[in-house]
Amino acid sequence: MPSLNENYQNLEESYLFAEIARRVNVYEQSHPGKKIIRLGIGDVTKPLTKKAIEALHEAVDMQASPDTFRGYGPEKGYDFLRKAISGYYKRNGADVDPDTIFISDGAKSDTGNITDLFAKDNAVLVPDPVYPVYVDTNIMDGRKILYMDGTAENNFLPMPDENVKADMIYLCSPNNPTGACYNKEQLKVWVDYARKNQAVILFDSAYEAFVSDPELPRSIYEVEGAKECAIEFASLSKTAGFTGTRCSYTVVPKELVFTASNGKKMSLNEMWNRRHSTKFNGTPFIVQYAAAAVFTEEGMAECRENIAYYMENAKMIADVLRKKGIPFTGGVNSPYIWFECPKGMESWEFFDYLLENAQVVGTPGAGFGRNGKHYFRLTSFGQHESTAEAMERFDRLF
Ligand SMILES: Cc1ncc(COP(=O)(O)O)c(C=O)c1O
C-alpha cells in the first residue's frame, strides 16, 4: 500500500464556485422564469480576437503540410514567442531577456508548480484575501503559511513587517479578488525586504494588461533590484481571452541564485528549466503561434479594445457603488470590484440577499480568505447589457 501525501487532509473543501452553483440552482428551481445575471465568474466572455484566430487557422494549415509541420517543440517555448514577449516587456518599461522566459499552459499551473523548487521547511507569506491557489498548493506540500492581512486600512495592499521572516512571498497585483494594485514605491519596499531577508517573491501579474495608469507597474521588473529576488507569472488568459486556449509565461531571472545546504550555488532559472523540461512537453505549437500574433501591434490593439469594453462594465459597477456610498476597491486598473457588503452583512448572507432580491450573482469574499468575510466581488467580464441591467437592479435595491 502506498503511504499517501496526508497534507491533502489539511486542505479546506474547495467549495466556493460549487456552492455558488448549488445556491443558484436551488433558486432557479423555485423561481422559474426569473432572469439571473451572473457577475461572479472570473472568465472572459469575448471570443478570441481576429489576429489570434487568423494565426490559429494559419498554424493549423502549417500542421497539415510536411514542410511546415511541427512536432515536439522546445519545452520552454518557441524563440519567436519568447522574443515577442521580451519585446512586449520592453514596450512596457521592463528589460526581460527572452532566455529567462518560459512558455507554459497557464499561470495556475506555474504558480502551483513553482513550489517544486523549494524545500518543505520554507515559511510562506501569503496575502489574505487572495487567489486560493497559492495557499492550497503550499498546504499540499506541508509548508507553513503566514498570512498578511489585506484590509481597508492598508487599501488591501499589505506591506512587509520587519518582524516576520518569510522565505517565499506571494504577491498578486492587480489583485484577485480586491482589484488593488501596488505602485512602484510599494513594490520597491517589497523588493528591498526580500533582498534583505534572502527571500523570493512570487509575483503574479495575470491582470497586468488591465493597468491603464502609466505610473503603475505592470511588471515587478520595472522595479530596481527585482531580478535578484522575483519570479513573475503572466498569462494570456485575461489579456487576450485565452482562458480556453491556454498560454502563459513565467520569468525566472538568472540572477536568482541561492546557496544550498552543502554550500553549492543553485540557480532557480536552471532548476525551473530542468523541472519544466522534465515534467512538461511544451505548449501546443498552434497556441504559441496565436500567442505571438497577440503581441503584434495589431494584436495588442485588438486586446486593448476588448479590455476597454470590460473596463466600461467596471465603470458601470463602480458608478453605482459610489452613488450608494458603498466603499470599494478595483474597477480601475483591474477587472474586479471588491466592496464591503451593505448593511453589515456577511458575504454569503449578502450573496443570498442579492440573488433573492435582484437575481444578481457575485462571489462572496469569504471564498478568498478570512478578510473577505464582509466583502463581495463583482467582475467586469460580462456583456454591457447584462451588467447595466444588474446594476440597475442593484441601484433599486439599496
Ligand atoms: C491571480 C490569478 N492568477 C492566475 C490565474 C490563472 O490564470 P491561467 O488561466 O493562466 O491559468 C488566475 C485566474 O483566474 C488568477 O486570478
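Residues numbered from 1 in each chain as written. Predicted model: local features only at pLDDT ≥ 70, side-chain atom pairs only at ≥ 80, totals over all residues. Heavy atoms only, no water.

Quick word on the overall build of the chain
Going by this rule: Only runs of H or I of at least four residues qualify as helices and only runs of E of at least two qualify as strands under DSSP, and these elements are numbered from the N terminus. Here the globule rule is a power law, 2.2 Å times the number of residues to the power 0.38, and the radius of gyration is based on C-alpha atoms. Relative accessibility under 20% of the residue-type maximum defines a buried residue, over 50% an exposed one, and the middle range a partly exposed one, all with a 1.4 Å probe and only protein chains included. Working rule for contacts: check all heavy atoms of both residues, and any pair within 4.5 Å makes them a contact. Per-residue accessibility takes into account occlusion by the displayed protein chains alone, with areas from the Shrake-Rupley method and a 1.4 Å probe.
Within the chain one finds twelve helices and 15 strands. Taking 21 Å as the expected radius of gyration for a compact globule of 398 residues, we find that the chain reaches 22 Å, a close match to that expectation. Once the C-alpha set of the chain is aligned to its principal axes, its extents read approximately 60 × 55 × 55 Å. Across the 398 residues of the chain, 54% fall into the buried class. Long-range pairs, those at least 24 residues apart, make up 71% of the contacts in the chain between residues at least 6 apart in sequence. Entry remark: accessible area of the chain is about 18,200 Å², with carbon and sulfur atoms responsible for 50%.

Things to note about the sheet that holds strand β14 (residues 363-364)
To keep things clear, this is the line we draw: Paired strands, as defined in this entry, are two strands with at least two bridges between them according to DSSP.
Reading across from one edge, β11-β12-β15-β14 is the order of the four strands in this open sheet, with antiparallel pairing throughout. If you trace the sheet from one side to the other, it starts and ends with β11 (328-330) and β14, each paired once. With two bridges connecting them, β14 and strand β15 (residues 375-379) associate as antiparallel partners. From the neighbouring strand, P364 faces β15, where its bridge partner is F376.

Let's talk about the site of the ligand
Note the following rule: Residue proximity to a molecule or strand is established when one non-hydrogen atom of the residue lies within 4 Å of it. In protein, a polar contact requires one atom able to donate a hydrogen and another able to accept it; more generally it is a pair of N or O atoms within 3.5 Å, and residues adjacent in sequence count only if both atoms are side-chain atoms. Any residue with an atom within 4 Å of a point lines the site, the site being either a cavity, points on a 1 Å grid over the protein atoms alone where a 1.4 Å probe fits but cannot get out, or a pocket, an open set with protein on both sides within 12 Å along at least 5 of 7 lines. Grid points define the cavity or pocket, and a molecule sits in it when more than half of its atoms lie within 2 Å of them.
Taken together, 14 residues lie near the ligand, and N176, D204, Y207, S235 and S237 sit nearest. One nitrogen or oxygen atom from the side chain of N176 is found 2.8 Å from an oxygen atom belonging to the ligand. Note that an oxygen atom of the ligand is positioned 2.8 Å from one of the side-chain N or O atoms of R246. The protein chains hide 90% of the 400 Å² of surface that the ligand would expose on its own. At a threshold of 2 Å from the grid points, most atoms of the ligand map onto the largest pocket.

A look at the layout of surface pockets
The condition is simple: Grid points are joined across faces, edges and corners, and a volume is the space filled by probe spheres set on the points. Each residue is assigned to one of three groups, with Ala, Val, Leu, Ile, Met, Phe, Trp, Tyr, Cys and Pro labelled nonpolar, Asp, Glu, Lys and Arg labelled charged, and all others, Gly among them, labelled polar.
The calculated volume of the largest pocket comes to roughly 1,300 Å³. Taken together, 43 residues line the largest pocket, and the ones lying closest to its centre are Y131, P132, V133, G367 and F368. Elements supplying a minimum of two residues to the lining of the largest pocket: α1 (16-30), α4 (107-113), β3 (123-128), α5 (133-141) and α7 (236-240). Broken down by element, the residue count for the lining of the largest pocket peaks at five residues, all from α5. Of the residues belonging to the lining of the largest pocket, the class tally is 22 nonpolar, ten polar and eleven charged.

Concerning empty space enclosed by the protein
The final tally for this structure, using the stated rule, is three cavities of 30 Å³ or more. Of the pockets and cavities examined, the largest cavity occupies roughly 60 Å³. Lining of the largest cavity is provided by Y88, Y89, N92, S205, E208, R218, S219, E222, E232, A234 and Y249. Looking at side-chain class alone, the lining of the largest cavity contains four nonpolar, three polar and four charged residues. Size it by volume and the second largest cavity reaches roughly 50 Å³. Around the second largest cavity sit V44, K46, K238, T239, A240, G241, C303, N306, I307 and Y310, which together line it. Listed by contribution, the elements that provide at least two residues to the lining of the second largest cavity are α7 and α10 (297-323). The element best represented in the lining of the second largest cavity is α10, accounting for four residues. In terms of residue class, the lining of the second largest cavity is built from five nonpolar, three polar and two charged.

Observations regarding the domain arrangement of the chain
Note the threshold: Where each domain starts and ends follows an automatic or database-derived domain assignment. Here the quantity called buried area is the accessible surface, traced with a 1.4 Å probe, that two parts lose on coming together, added over both. We count a salt bridge whenever a side-chain nitrogen from Lys or Arg sits within 4 Å of a carboxyl oxygen from Asp or Glu.
What the domain assignment reports for the chain is domain 1 (7-47 + 299-397) and domain 2 (50-296). Relative to domain 2, the C-alpha centre of domain 1 lies at a distance of 26 Å. If you look at the interface, domain 1 gives 31 residues, while domain 2 gives 42 residues. Overall, the association of domain 1 and domain 2 removes approximately 2,900 Å² of surface from exposure, summing both partners, and the carbon and sulfur fraction of that is 60%. Linking domain 1 to domain 2 there are one salt bridge. Taking the shortest distance from any N to any O, the salt bridge between D149 and R370 comes out at 3.1 Å. Counting across the interface, domain 1 meets domain 2 through 18 residue pairs in polar contact (both at pLDDT 80 or more). Among the elements of the structure, α10, β11, β12 (336-340) and β15 are those that each provide at least two residues to the side of domain 1 that touches domain 2. The element contributing the most residues to the side of domain 1 that touches domain 2 is α10, with seven residues.

A look at the packing of aromatic side chains
For the record, the criterion: Pairing of aromatic side chains here covers Phe, Tyr and the six-membered ring of Trp, requires ring centres within 6.5 Å, and sorts the geometry by plane angle: under 30 degrees stacked, over 60 edge-to-face, intermediate tilted.
In the structure shown here, the tally under the stated rule is 31 aromatic pairs. Between the aromatic rings of W190 and Y193, the centroid separation amounts to 5.7 Å while the plane-to-plane angle is 85°, which identifies the pairing as edge-to-face. Of this pair, W190 and Y193 both sit in helix α6 (residues 184-197), three residues apart, which is roughly one turn of the helix. Overall, the relative accessible area of 0% leaves W190 in the buried class. Take Y193: its relative accessible area is 2%, and that puts it in the buried class. Ring centres of F339 and F394 lie 5.8 Å apart, and the angle between their planes is 85°; on these two criteria the pair is classed as edge-to-face. Residue F339 is found in strand β12, and its partner F394 is found in helix α12 (residues 384-397); the two are separated by 55 residues along the sequence. Accessibility expressed as a relative area gives 0% for F339, which makes it buried. On the accessibility criterion, F394 (1% relative accessible area) is buried.

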